[in-house]
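# Inside the fold
Below are the chains, spelled out letter by letter.
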Amino acid sequence: MTRPITLLLAALALVLPLSLLAGRVWIDPTAPLGPEASLILAELRLPRALLAVLLGAGLGASGAAMQGYLRNPLADPGLFGIAPGAALGAVLSFWTGWASTGWALPAFALIGAAGAMFLLTLIAGRQGGVVLFTLAGMMIASLAGALMSLAISLSPTPFAMSEIVTWLMGALTDRSWREVWIAAPLTLAGIAVLQMAGRGLDALTLGEAAARSLGLDPRRLQLLLVLGVGLTVGGGVAVAGIVGFVGLMVPHFVRPFTDGRPSRLILPSALAGALLVLVADCLCRILPLAGGELRLGIALSLLGAPFFLHLLLRLRRELV
Amino acid sequence: MLAAEALVLPGRLRGVSLNLRAGEVTAICGPNGAGKSSLLSCLAGLLAPTSGAVTLDDAPLAAMHPEARARALGYLPQTPEVAWDVSVETLASLGRLPWRTSAAEDAAAINAALEALDLPTFAHRPVSQLSGGERARALLARVLAGTPRWLLADEPLANLDLAHQLTLLGHLRACAEQGMGVVLVLHDLALAMNHADRVVVLDHGTLAADGPPELALAEPVLEQVWGVHARWLGEPGGRALAV
């Protein structure tokens with residue numbers, strides 16, 4: 001496990017400073033920094049890069065944990081309905097017009113995430129069965145999706161509607177240190193909680209009965225998972241909107257370099273997710289696009305959909 | 001001693017009492033739906049009976065910490081699952097999860113389990129590349145790596161050919177000889193007759209017979225519980241069932 005972590009840390013240490021140089025205004029690292037360039041670096045590029053790292057790390061780690069929990073390589077953090085719950089909260093902040101006031105947007109998103117987490121644990125009950133839990137998550141996701149559509153269709157002004165739709169696409173444009181301070185503690189705490197779930201996820205490799213015979217408390221594992229995914233994904237959605245596919249893709253890149261145990265996948269997936277989102281956001285900044293820049297959420301979905309198809313085709317080959 | 005006192009599970013067990021002894025191979029037999037797997041799950045602490053209790057060395061299982069219980073009782077489910085394509089060695093390492101011991105201690109226990117099951121050459125092979133017999137041994141190695149005092153296995157011989165059944169039974173016998181209590185749910189009555197020290201026969205959730213195989217699986221019991229006229233052929237230890 002230590003080797004992929006070291007390699008990924010090294011890659012991140014290399015890419016992070018380089019990413020700061022790229023953008024609409026390219027910064028020449030050999031030239032002395034002017035006041036404009038230092039302003040761009042300190043107030044725009046650095047918080048944005050750190051946000052990309054946090055967002056990717058949270059999504060990567062929660063994707064790895066989700067796949068371990070559901071024992072399914074096609075699982076994604078979105079399945080629990082926590083991301084849609086957070087998005088619904090954010091949409092309501094636009095809808096009520098509070099989004100423009102200070103901390104309301106992330107606060108609403110976090111309340112949405114917490115609401116989804118609460119509903120999830122309430123419905124899943126005390127037994128902690130994986131199937132019931134997943135179905136509850138899907139129900140919450142579709143309910144949150146329907147309510148979001150309702151909010152959009154009833155939006156008070158066309159301006160609010162366009163704001164909602166743009167925000168839902170997910171991006172790191174025009175984010176500041178404020179968002180970093182929101183996302184950092186939530187994401188880091190979330191990853192720590194997911195790491196604590198590692199032993200339980202390892203046991204679950206053998207199925208639920210064998211895992212319980214190894215001393216696993218399914219209820220505790222479920223709570224750790226809801227909390228960890230809630231903190232990472234809720235924090236991510238609160239600052240960046242919906243960014244999909246990272247949690248699905250990243251564990252697949254990392255898994256061949258580990259021994260296959262879910263616990264060994266969480267930290268490397270966090271680092272690989274950070275790297276993926278950082279690079280993707282950089283490309284979004286650089287790619288020339290009429291009328292602005294490519295939204296991060298769209299870019300990653302464009303990457304993610306063919307990847308998902310590739311996974312499905314491979315699965316189909318294995319089933320034959 | 002692993003003991004069950006008047007276990008009741010609605011629709012499955014109707015007051016089953018048992019005293020199982022370490023160092024023996026006990027087979028639990030019975031027709032489909034007799035409650036064999038439910039009894040094994042209760043003995044493993046995975047199912048809580050609605051009344052009655054399971055005790056391990058006179059301590060109630062329900063009051064034990066789940067990890068302490070897991071260190072004492074190894075359980076192999078009927079349809080073992082391995083969700084990720086891990087190596088045999090990694091699979092065995094999962095058996096160490098309840099222990100929280102040092103890496104060196106874990107490695108020693110894992111190696112001992114692999115050696116006991118003739119698996120060292122397969123240590124780094126992915127589970128997906130094993131044959132059925134190798135896979136059954138690897139799954140048993142996972143349980144043995146946890147150095148349990150009791151091994152509870154639900155039909156460990158199903159889906160294995162005769163040679164692999166005998167190999168696995170040999171390994172289970174070796175475990176019992178080292179003092180472990182081995183409890184197996186078995187469908188094959190001839191295997192139970194020839195290889196168990198003791199047979200427990202369940203019928204409709206109650207204990208129909210309990211004792212040495214020659215008595216517990218005597219012809220009248222087969223007729224009463226399974227409803228078949230059958231005769232044992234051959235000598236003790238090499239019996240075959242003629243129906």
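Residues numbered from 1 in each chain as written. Chains lettered and ligands numbered in written order. Predicted model: local features only at pLDDT ≥ 70, side-chain atom pairs only at ≥ 80, totals over all residues. Heavy atoms only, no water.

When helices and strands are tallied, chain A shows 13 helices and zero strands. The order of α-helices and β-strands along chain A, N terminus first, is α-α-α-α-α-α-α-α-α-α-α-α-α. Dimensions along the principal axes, computed over C-alpha positions, put chain A at roughly 65 × 50 × 40 Å. Counting only carbon and sulfur atoms, one obtains 73% of the accessible surface of chain A, whose full area is about 13900 Å². For chain A, the distance from the average site of its 20 positive side-chain charges to the average site of its 14 negative ones is 9 Å. (Helix = DSSP H or I, 4+ residues; strand = E, 2+ residues; numbered from the N terminus. Areas by Shrake-Rupley, 256 points an atom, 1.4 Å probe, with all protein chains shown as cover. Lys, Arg positive; Asp, Glu negative; His and termini not counted. Charge placed at Lys NZ, Arg CZ, Asp CG, Glu CD.)

Quick look at the pattern of salt bridges now. Residues and elements named next belong to chain B. Inspection of the entire model under this criterion finds 14 salt bridges over all chains. Arg 100 is paired through a salt bridge with Glu 67; the nearest N and O atoms lie 3.0 Å apart. Highlighted residues: Arg 100 in the loop between α3 (88-93) and α4 (103-116) and Glu 67 in helix α2 (residues 66-72), separated in sequence by 33 residues. When the shortest N-O distance is used, the salt bridge between Asp 106 and Arg 96 registers 2.9 Å. (Salt bridge = Lys/Arg side-chain N within 4 Å of Asp/Glu carboxyl O.)

Turning our eyes to something else, we now look at the sheet that holds strand β8 (residues 181-185) of chain B. Residue and element names in this part refer to chain B. Strands sit in the order β6-β7-β8-β3-β9-β10 across an open sheet of six strands; the sheet is mixed. Each end of this open sheet is capped by a strand with a single partner; those strands are β6 (73-76) and β10 (206-211). Strand-to-strand twist of the sheet, defined as the mean angle between neighbouring strand axes without regard to direction, takes the value 15 degrees. The pairing of strand β3 (residues 25-29) with strand β9 (residues 198-203) spans four bridges and is classified as parallel. (Pairing = 2+ DSSP bridges. Axes fitted to C-alpha atoms, helices over the stretch in contact; angles between N-to-C directions.)

Residues and elements named next belong to chain B. In terms of burial, β3 is a largely internal element, five of the five residues being buried. Both faces of β3 are covered, namely the face carrying Val 25, Ala 27 and Cys 29 and the face carrying Thr 26 and Ile 28. Sheet topology note: the β3/β8 ladder contains four bridges and is parallel. Residue pairing across strands places Val 25 opposite Val 182, the latter belonging to β8. (Buried < 20%, exposed > 50% of the residue type's maximum accessible area, 1.4 Å probe, protein only.)

With that settled, the discussion passes to the sheet that holds strand β4 (residues 51-56) of chain B. Residue and element names in this part refer to chain B. Reading across from one edge, β2-β1-β4-β5 is the order of the four strands in this open sheet, with antiparallel pairing throughout. A strand with exactly one partner marks an edge of an open sheet, and here the two such strands are β2 (13-20) and β5 (59-60). The sheet contact formed by strand β1 (residues 2-9) and β2 spans six bridges and is antiparallel. Among the inter-strand pairings, Leu 9 is bridged to a residue of β2, identified as Leu 13.

So, about helix α1 (residues 36-43) of chain B. In an α-helix, one full turn covers 3.6 residues, which means residues spaced three or four apart are oriented alike. Residues and elements named next belong to chain B. Within α1, seven of the eight residues are buried, leaving the element largely enclosed by the surrounding structure. Burial in α1 covers these residues: Lys 36, Ser 38, Leu 39, Leu 40, Ser 41, Cys 42 and Leu 43. Remark: Gly 45 follows α1 within two positions and exhibits a positive phi of approximately 80 degrees.

Residues and elements named next belong to chain A. A cluster of nonpolar side chains, Leu 92, Trp 95, Phe 118, Leu 122, Ile 123, Met 139, Leu 143, Leu 147, Leu 150 and Leu 154, forms an exposed patch at the surface whose accessible area comes to about 910 Å². Residue assignment for the nonpolar patch shows that the elements contributing at least two residues are α3 (82-95), α4 (104-124) and α5 (130-153). By residue number, the principal contributor to the nonpolar patch is α5, which donates four residues. Its place among the elements puts Trp 95 in helix α3. (Patch = residues over 30% accessible without salt bridge, like charges linked within 9 Å, V, L, I, M, F, W, Y side chains within 5 Å.)

Angle between the axes and distance between the axes: these two values describe a pair of packed helices. Residues and elements named next belong to chain A. One can describe the packing of α3 onto α4 by two numbers: an axis separation of 7 Å at closest approach and a directional angle of 140 degrees. In this view, α3 runs oblique relative to α4, as classed from their interaxial angle. The way α3 lies across α4 gives a crossing that is right-handed. Residues Ile 82, Gly 85, Ala 86, Gly 89, Ala 90, Leu 92, Ser 93 and Phe 94 of α3 touch α4, and the partners they reach there are Ala 104, Leu 105, Phe 108, Ala 109, Gly 112, Ala 113, Ala 116 and Met 117. (Parallel < 35°, antiparallel > 145°, perpendicular 65-115°, else oblique. Left-handed = near helix turned anticlockwise from the far one by under 90°. Contact = heavy atoms within 4.5 Å.)

Regular strands place side chains that alternate from one sheet face to the opposite one. Residues and elements named next belong to chain B. Of all six residues in β9, six are buried, a share of seventy percent or more. Burial of the side chains of β9 extends over both faces: Arg 198, Val 200 and Leu 202 are buried on one face and Val 199, Val 201 and Asp 203 on the other. Direction of pairing for β9 relative to β10: antiparallel, over a ladder of five bridges. Across the sheet, Val 201 pairs through a bridge with Ala 209, a residue of β10. Connecting β9 to the next strand, β10, in antiparallel fashion are two residues, including His 204 with a positive phi near 50 degrees.

Residue and element names in this part refer to chain A. Viewed as axis vectors pointing N to C, α3 and α5 meet at an angle of 15 degrees, and their least axial separation amounts to 9 Å. Here α3 lies roughly parallel to α5, going by the angle between them. Here the hand of the crossing between α3 and α5 comes out left-handed. Between α3 and α5, the residues in contact are Pro 84, Gly 85, Ala 87, Leu 88, Val 91 and Trp 95 and Ala 141, Ala 144, Leu 147, Met 148 and Ala 151, respectively. Within the contact of α3 with α5, the residues separate by chemical class into ten nonpolar, one polar and no charged. (Nonpolar A, V, L, I, M, F, W, Y, C, P; charged D, E, K, R; others polar.)

Let us look at the nonpolar core. Tyr69(A), Leu225(A), Leu296(A), Leu91(B), Val199(B) and Leu217(B) are the most contacted members of the largest nonpolar core, which totals 159 residues. At 17 residues, helix α2 (residues 35-70) of chain A tops the list of elements feeding residues into this core. Excluding anything up to four places from it in sequence, Val199(B) contacts Ala27(B), Cys29(B), Ala192(B), Ala209(B), Asp210(B), Gly211(B), Pro213(B), Ala216(B) and Leu217(B). Grouped together as the second largest cluster of nonpolar side chains are 28 residues, Leu20(B), Leu39(B), Leu40(B) and Val54(B) included. (Core = buried A, V, L, I, M, F, W, Y, C linked by side-chain atoms within 4.5 Å.)

Before going further, it helps to examine the interface of chain B and chain A. Buried accessible area, meaning the area lost when the parts come together, often serves as the stated size of an interface. Contacts between the two partners involve 22 residues from chain B and, on the opposite side, 22 residues from chain A. Each partner contributes to the roughly 2000 Å² buried at the junction of chain B and chain A, and carbon and sulfur atoms together form 61% of this total. Counting across the chain B and chain A interface gives one salt bridge. The partner of Arg71(A) in a salt bridge is Glu81(B), and the shortest N-O contact between them spans 2.6 Å. On the surface where chain B and chain A come into contact, there are five residue pairs in polar contact (both at pLDDT 80 or more). Of all the secondary-structure elements, those providing two or more residues to the side of chain B that touches chain A are α2, β6 and α3 of chain B. Per element, the largest residue contribution to the side of chain B that touches chain A is four residues, and it comes from α2(B). Tallied by class, residues from the side of chain B that touches chain A come to 14 nonpolar, three polar and five charged. (Buried area = accessible area lost by both parts, 1.4 Å probe. Polar contact = N/O pair within 3.5 Å; in protein donor to acceptor, adjacent residues only side chain to side chain.)

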